[in-house]
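Topology and contacts: notes
One-letter residues, chain by chain:
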Amino acid sequence: MLARAVVFGSLGQLGVELVRALHQRGYQVFGFDKPELDITDRSAVEQKLAGLDPAVVFNAAAYNQVDVAEEEPEAALAVNALAVRNIALGCRQTGALLVHYSTDYVFDGCAGRPYTEEDAPRPLGAYGVSKLAGEYYAQAYLDRVLIIRTSGVFGPGGLRTARGNFIELMLRLAEQGKPIRVVEDHVASPTYAPALAARSIDLVERGVTGLFHIGGGTAISWFNWARMIFAAAGLQVELRPTNEREYRTAARRPKYSALSNAKMERFGLKPMPPLPDALRSYFMLRQAALAGTGQESGCR
């Protein structure tokens, strides 16, 4: 019998890649997203997991509207924290391994270097607090849990999601023909969704649990990331640097939230693909998706 895997948030950028990669590795996959299943409904989650009895559950669902969360923290907590508790309780009843995804926004960005799993979290806003609470709920209710923090996820699934990703945002702004301002004083490690999905399953198949960082492997400012995107797309745009002082947002964001992948690599996993390679793969798959050819995800 094929091992059963459940993916919550199966229509998101990471979720679609998890479903694809799990199928390719021979799992029997059950994907759920809104409105098919509301993970904030504890009874519904527990019944679904009890009925399927999976070996592993991936929670790629999240409330990630960072600025809006400052106005509606309850909504962020409901999805990013209390729903994780629901899933953890369901996994405890069935004995399933939970793989839960968290974020670089659990840090304050003051370290000035890529964060490791040993660094103490200190979120700066409602979104980060809600994601950290989700980590704590997963750890509180389960002895076997794999928590993966990541950063700035982008994947071809962003073409089909309502909010897209940073690449699609830049391309939409470029179409307007106006100057584009991007912050140069905030650094992250943009992460390619197909590679993140592959490394996640690698950890599962090695029987590893605990806390891991899987970022893109390259610490880069959002301004330089935008410049790389436009170069890869062959677009000439007027890109202007700005900073946190000039570009105010409702939520405070960590100024340097890149993640170190050293622990992941110590466990024998391949390094994440270089960012230029991931970007080329993204545009290749993007073109294929727009043309309706549905090629396989690459750059693993």
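Residues numbered from 1 in each chain as written. Predicted model: local features only at pLDDT ≥ 70, side-chain atom pairs only at ≥ 80, totals over all residues. Heavy atoms only, no water.

Brief notes about the pattern of salt bridges
- If you walk through the whole model with that rule in mind, you get 13 salt bridges.
- Salt-bridge contacts for arginine 149 lead to glutamate 135; the nearest nitrogen and oxygen are separated by 2.9 Å. Of this pair, arginine 149 sits in strand β5 (residues 145-150) while glutamate 135 sits in helix α4 (residues 126-141), placing them 14 residues apart in sequence. The two residues arginine 149 and glutamate 135 agree in class, both being buried.
- For arginine 181, the salt bridge identified is with glutamate 246, shortest N-O distance 3.1 Å. In this pair, arginine 181 sits in strand β7 (residues 180-183) while glutamate 246 sits in the loop between β12 (239-242) and α8 (262-266), placing the two residues 65 residues apart along the sequence.
- For glutamate 246, a relative accessible area of 52% puts it in the exposed group.
- What you see here is one network of salt bridges that share partners, running through Arg25, Asp202 and Glu205. (Salt bridge = Lys/Arg side-chain N within 4 Å of Asp/Glu carboxyl O. Helix = DSSP H or I, 4+ residues; strand = E, 2+ residues; numbered from the N terminus. Buried < 20%, exposed > 50% of the residue type's maximum accessible area, 1.4 Å probe, protein only.)

Side note on the environment of glutamate 70
- Within the secondary structure, glutamate 70 sits in the loop between β3 (56-59) and α3 (73-94).
- Here glutamate 70 falls in the partly exposed class, since its relative accessible area comes to 31%.
- Sequence-wise, glutamate 70 and leucine 211 are 141 residues apart; in three dimensions their C-alpha atoms are separated by 27 Å.

Section: the side chain of glutamate 168
- Positionally, glutamate 168 belongs in helix α5 (residues 166-175).
- Among the polar contacts listed, one links the side chain of glutamate 168 to the side chain of arginine 286, at a separation of 2.8 Å.
- Non-local contacts of glutamate 168, meaning those with residues more than four positions away in its chain, are made with Gly158, Leu159, Tyr282 and Arg286. (Polar contact = N/O pair within 3.5 Å; in protein donor to acceptor, adjacent residues only side chain to side chain. Contact = heavy atoms within 4.5 Å.)

Overview of the packing of aromatic side chains
- All chains considered together, the criterion is met by 10 aromatic pairs.
- With a centroid separation of 5.4 Å and an interplanar angle of 35 degrees, the aromatic rings of phenylalanine 154 and tyrosine 192 are classed as tilted. One end of the pair, phenylalanine 154, is in strand β6 (residues 153-154); the other, tyrosine 192, is in strand β9 (residues 191-192), and 38 residues separate them in sequence.
- Its end group placed over the ring of tyrosine 115, arginine 113 keeps NZ or CZ at 6.0 Å from the ring centre.
- Positioned over the ring face of phenylalanine 212 is lysine 263, at 4.4 Å from the centre of the ring. (Phe/Tyr/Trp six-rings, centres within 6.5 Å; stacked < 30°, edge-to-face > 60°. Lys NZ or Arg CZ within 6 Å of the ring centre and 35° of its normal.)

What to know about the nonpolar core
- In terms of nonpolar packing, the biggest core is built from 52 residues, with Phe58, Val99, Ile167, Val182 and Trp225 touching the most fellow members.
- Sequence-distant contacts of valine 182, defined by excluding residues within four places in its chain, comprise Phe166, Met170, Trp222, Phe223, Ala226, Leu239, Arg240, Pro241 and Thr242.
- One finds Ala83, Ile87, Val145 and Ile147 within the second-largest nonpolar core, a separate group that totals 22 residues. (Core = buried A, V, L, I, M, F, W, Y, C linked by side-chain atoms within 4.5 Å.)

Re the sheet that holds strand β1 (residues 4-8)
- Ordered in space as β2-β1-β3-β4-β5-β10, the six strands form an open sheet in which the pairing is parallel. Two strands bound the open sheet, and with one partner strand each, they are β2 (28-32) and β10 (210-213). If you compare each strand with its neighbour and ignore which way they point, the axes differ by 20 degrees on average.
- Direction of pairing for β3 relative to strand β4 (residues 97-103): parallel, over a ladder of four bridges. The residue bridging phenylalanine 58 from the neighbouring strand is valine 99, located in β4.
- Contacting β1, β2, β3 and β4, helix α1 (residues 13-24) runs over the sheet at an angle of about 170 degrees to β1. (Pairing = 2+ DSSP bridges. Axes fitted to C-alpha atoms, helices over the stretch in contact; angles between N-to-C directions.)

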